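For reference, the chains in residue letters:
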Amino acid sequence: RKEVEQDPGPFNVPEGATVAFNCTYSNSASQSFFWYRQDCRKEPKLLMSVYSSGNEDGRFTAQLNRASQYISLLIRDSKLSDSATYLCVVMVVNNNDMRFGAGTRLTVKP
Amino acid sequence: GAVVSQHPSRVICKSGTSVKIECRSLDFQATTMFWYRQFPKQSLMLMATSNEGSKATYEQGVEKDKFLINHASLTLSTLTVTSAHPEDSSFYICSARDRQGGNSPLHFGNGTRLTVT
């Protein structure tokens, strides 16, 4: 079993749709969680951190469920510019152990 | 915000030569930096964890003698692809975290696209 697993995707949605990604992790000692987006042929860029109480940034909402060991990302009112690959990153802070999901590709179509 | 600079952004070299890629944290210190490789339409693959002042930790299947990592200071890590071959052509990306730690995220360099002819 992979340490971090994401929805395989790809997700193809129309503009304005709401789409959700999940990411499960196996290491219960994981302490920090992030969502990154990666555009084609570019480096990943931080989209948002994921806080225990859940957090929202505009159309994006991130949630953490420690009991079930998963994080989620919800994108509302999706835009064409949201098309990218979304990566979840899980970290054990003390030993700098960071693990990536394989990424989920999202394509938003007009 | 935190910036990681990677250089060069693109390099074309002949088979058998070596290529050095630099990764610098510009406004923070990083005791640990990470090196990844990404083939087209595939996910990021962690190659190694670079530790300042000590040996790098390589992921399973990554040849340490082929991919030499040097983390000589708190702001610089280098990856040298030795005796490069066409199959080493890939997108190489580094990342780093602020040594202040806590819940600070990873910051990525802009990547190096290596083409070996």
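Computed from a prediction, not measured in an experiment: that's the story for all the values here. (Residues numbered from 1 in each chain as written. Chains lettered and ligands numbered in written order. Predicted model: local features only at pLDDT ≥ 70, side-chain atom pairs only at ≥ 80, totals over all residues. Heavy atoms only, no water.)

S.K.: Looking at this structure, I do not really get empty space enclosed by the protein. What am I missing?
M.R.: Gaps left between atoms show up when a probe the size of a water molecule is rolled over them. All names here are of chain A. Using the criterion set out here, one finds 1 cavity of 30 Å³ or more in the structure. Considering only enclosed or pocket space, the largest cavity measures out at about 60 Å³ in volume. Lining the largest cavity we find E3, V4, Y25, S26, N27, S30, V90, M91, V92, D97 and R99. Elements supplying a minimum of two residues to the lining of the largest cavity: strand 9 (84-92) and strand 10 (97-100). Here the lining of the largest cavity gets 3 residues from one element, more than from any other, and that element is strand 9. Taken together, the residues of the lining of the largest cavity sort by class into 5 nonpolar, 3 polar and 3 charged. (1 Å grid on protein atoms, 1.4 Å probe; cavity = no way out; pocket = protein on both sides within 12 Å on 5 of 7 lines; lining within 4 Å. Points joined across faces, edges and corners; volume = space filled by probe spheres on them. Helix = DSSP H or I, 4+ residues; strand = E, 2+ residues; numbered from the N terminus. Nonpolar A, V, L, I, M, F, W, Y, C, P; charged D, E, K, R; others polar.)

S.K.: Mind showing me how you'd approach the state of the cysteines here?
M.R.: Two cysteines whose sulfur atoms are joined by a covalent bond form what is called a disulfide. With the rule as written, the count across this model stands at 2 disulfides over all chains. C23(A) shares a disulfide with C88(A); S-S distance 1.8 Å. Looking along the S-S bond of the C23(A)-C88(A) disulfide, the torsion reads about 55°, which is the right-handed sense. Linking C23(A) in strand 3 (residues 19-25) with C88(A) in strand 9, this pair joins segments that are 65 residues apart in sequence. Among the residues examined, C88(A) registers a relative accessible area of 0% and is labelled buried. A sulfur-sulfur distance of 2.0 Å marks the disulfide that ties C23(B) to C94(B). Around the S-S axis, the bridge from C23(B) to C94(B) shows a dihedral of about 80° and counts as right-handed. (Disulfide = S-S within 2.5 Å. Buried < 20%, exposed > 50% of the residue type's maximum accessible area, 1.4 Å probe, protein only.)

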